[in-house]
Amino acid sequence: MAAPSHGSVVVGVGRSAEDLAVVRTAAAEAAAHHLPLHLLHAFNWAATPGPAPAGGSRTDAENLLETAGQAAAECAPEVPVSGEIVEGSPVEALLRAADTAFLVALGDGGMSTRPKGVPTDTPAVEVAARAGCPVLIGRVEPAPPGPLIVGFDGSSSSRAALGYAFDCAESRGARLLAVRVIEPECGDGDDGLLEEAVNRHAARHPRVTADCLTVHGEPKSVLLDRSRAAQLAVVAARGDGPVTSTLGAVSQSLLYHSPAPLIVVRGLRPGDEDGS
């Protein structure tokens, strides 16, 4: 499989209605991959004798995890659920969990509804840019029952994302749409590059119906437009290059603006781009 087989799905739990929505999304993902779900709530309750600014009292936090656990059980009753309360930064807690997790999940903080002006220190941006495993960014509104889409540009990181997307599509029973966008200044490129990569993965995932789409245009715009009808979007953190701890332009655009839940693929083992 292209996705790591160890660990659990770890979801950050906060105090908003959005956080319960992402708990349900993460629970469904855990069920699809036959993995346990771990609820993680982080805040500094020891800093003051009263409710802590970041999240209230310890009792409030325990009640929050109980409510989240009930939401997960309603969505995916077969998934084992555990919970943990830690003191400190929620971002740092999720980054530590990412060292051994299959996937970490958190809400987008409402960024997909903002046309511009998303701060770079938004938790979803920080975790997606720094985590050591794939990151699921949940949305408040439910996704349509469309295909799972994945962006592909021929780089090794996009090949890893393609393999991961095939795993997700098979576990979800979803149709896969692999999209390659050729920028105008690049000419026609290799017309068969996407089909060759998809066919290689399709041989390992015969139950997945996969379609290829190669178009000319601006990658951010094309993938964002396609994501509007997708149940899930999958993208590599960035293209190949010396910087591995940040987001590329395409992944950043989808993170900020796509209405679909997004998985930013990062932290996979060597060879995962081949679907092994």
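If you're wondering where the values come from, they're calculated on a predicted model, not measured in any experiment.

## Description of the overall build of the protein
Move 1: Within the protein, the regular secondary structure consists of 8 helices and 10 strands.
Move 2: Counting only residues that meet the buried cut, the protein has 52% of its 276 residues in that class.
Move 3: Of the contacts made within the protein by residues no fewer than 6 positions apart, 78% connect residues no fewer than 24 positions apart.
Move 4: Just so you have it, the protein exposes about 11,900 Å², and 53% of that area is on carbon and sulfur atoms.

## Here we look at the pattern of salt bridges
Move 1: In the structure shown here, the tally under the stated rule is 6 salt bridges.
Move 2: The salt bridge partner of Arg139 is Asp108, with a shortest N-O separation of 2.7 Å. In this pair, Arg139 is assigned in the loop between β5 (135–138) and β6 (148–151) and Asp108 in the loop between β4 (103–107) and α4 (123–130), connecting sequence segments 31 residues apart. In this structure, Arg139 and Asp108 share a single accessibility class: buried.

## So, the nonpolar core
Move 1: In this structure, Val11, Leu37, Val234 and Ile263 are the most contacted members of the largest nonpolar core, which totals 49 residues.
Move 2: No other element matches the 8 residues that helix α5 (residues 156–172) contributes to this core.
Move 3: Discounting chain neighbours no more than four positions away, the residues touching Val11 are Val22, Val23, Ala26, Leu37, His38, Leu39, Leu40, Leu94 and Ala105.
Move 4: Counting 41 residues, the second largest nonpolar core, distinct from the first, contains Ala42, Ala101, Val179 and Leu247.

## Section: unusual backbone geometry
Move 1: One non-glycine residue, His34, lies in positive phi territory at about 55°.
Move 2: Its location among the elements puts His34 in the loop between α1 (17–32) and β2 (37–42).
Move 3: Relative accessible area serves as the criterion here: at 73%, His34 is assigned to the exposed category.

## Let's talk about the side chain of His33
Move 1: Position of His33 relative to the elements: it lies in the loop between α1 and β2.
Move 2: Among all residues touching His33, those that are not within four sequence positions of it are Phe102, Asp167, Cys168 and Ser171.

## Brief notes about the sheet that holds β4
Hydrogen bonds between backbone groups are what pair the strands of a sheet, and the pairing can be parallel or antiparallel.
Move 1: Taken in spatial order, the 10 strands make up an open sheet running β3-β2-β1-β4-β5-β10-β9-β6-β7-β8, and their pairing is mixed. The open sheet has two edge strands, β3 (81–86) and β8 (210–216), and neither has a second partner. Averaged over all pairs of adjacent strands, the angle between strand axes in this sheet comes to 20°, irrespective of strand direction.
Move 2: Sheet analysis places strand β1 (residues 9–12) next to β2, joined by 4 bridges and oriented parallel. Looking across to β2, one finds that Val10 is bridged to His38.
Move 3: Here helix α3 (residues 90–97) sits on the sheet and contacts β1, β2, β3 and β4; the angle it forms with β2, its principal contact strand, is near 150°.

## Here we look at the packing of helix α7 (residues 219–227) against helix α8 (residues 249–257)
Move 1: Between α7 and α8, the least distance of the axes is 9 Å, while the angle of their chain directions is 35°. As α7 packs across α8, the resulting crossing turns out to be right-handed. Note on element contacts: α8 touches α7 through Ala249, Val250, Ser253, Leu254 and His257, opposite Pro219, Lys220, Leu223, Leu224 and Ser227.
Move 2: Residues that form the contact of α7 with α8 fall into these classes: 6 nonpolar, 3 polar and 1 charged.

## A few points about the pairing of β4
Move 1: Burial of β4 is extensive: 5 of the 5 residues sit out of reach of the surface.
Move 2: Side chains of β4 alternate between two faces, with Leu103, Ala105 and Gly107 and Val104 and Leu106 buried alike.
Move 3: Where β4 and β5 come together, 4 bridges link them in parallel fashion. By the bridge assignment for β5, Leu106 is matched with Ile137.

## Some thoughts on the pairing of strand β7 (residues 176–182)
Move 1: Burial analysis of β7 places 7 of its 7 residues in the buried class, the great majority of the element.
Move 2: Here β7 shows a buried face lined by Leu176, Ala178, Arg180 and Ile182 and a second buried face lined by Leu177, Val179 and Val181.
Move 3: Pairing between β6 and β7: 4 bridges, direction parallel. Bridge pairing in β7 links Gly151 to Val179.
Move 4: Once you follow β6 into α5 and on to β7, the crossover reads as right-handed.
Move 5: One ladder, built from 7 bridges, connects β7 with β8; its direction is parallel.

Analysis parameters
- Counting restarts for each chain, with residues numbered from 1 along the sequence as it is written.
- Only residues with pLDDT of at least 70 are given local features in this predicted model, and only at 80 or more are side-chain atom pairs given and counted; all residues enter the totals for whole chains, interfaces and linings.
- Heavy atoms from the whole structure form the basis of all side-chain values; hydrogens and water molecules are not counted.
- To qualify as a helix, a DSSP run of H or I must reach at least 4 residues; to qualify as a strand, a run of E must reach at least 2; elements of each kind are numbered from the N terminus.
- Under the scheme applied here, a residue whose accessible area is under 20% of the maximum for its type counts as buried, over 50% as exposed, and between as partly exposed, the area being computed with a 1.4 Å probe on protein chains only.
- Working rule for contacts: check all heavy atoms of both residues, and any pair within 4.5 Å makes them a contact.
- To measure how exposed things are, a 1.4 Å probe is used in the Shrake-Rupley method; for residues, cover is taken only from the protein chains shown.
- A side-chain nitrogen of Lys or Arg and a carboxyl oxygen of Asp or Glu constitute a salt bridge if their distance falls within 4 Å.
- Side-chain atoms within 4.5 Å are what join buried Ala, Val, Leu, Ile, Met, Phe, Trp, Tyr and Cys residues into a set we call a nonpolar core.
- In short, DSSP must find at least two bridges between two strands for them to pair.
- In this analysis an axis means a line fitted to C-alpha atoms, helices contributing only their contacting stretch, and an angle means the value between N-to-C directions, from 0 to 180 degrees.
- Crossings are assigned a handedness: left-handed for a near helix turned anticlockwise from the far helix by less than a right angle, right-handed for a clockwise turn.
- The residue classification treats Ala, Val, Leu, Ile, Met, Phe, Trp, Tyr, Cys and Pro as nonpolar and Asp, Glu, Lys and Arg as charged. All others, Gly included, are polar.
- Whether a crossover is right-handed comes down to one check: with the strands pointing away from the viewer, does the path from the first strand over the helix to the second run clockwise; if it does, it is right-handed.

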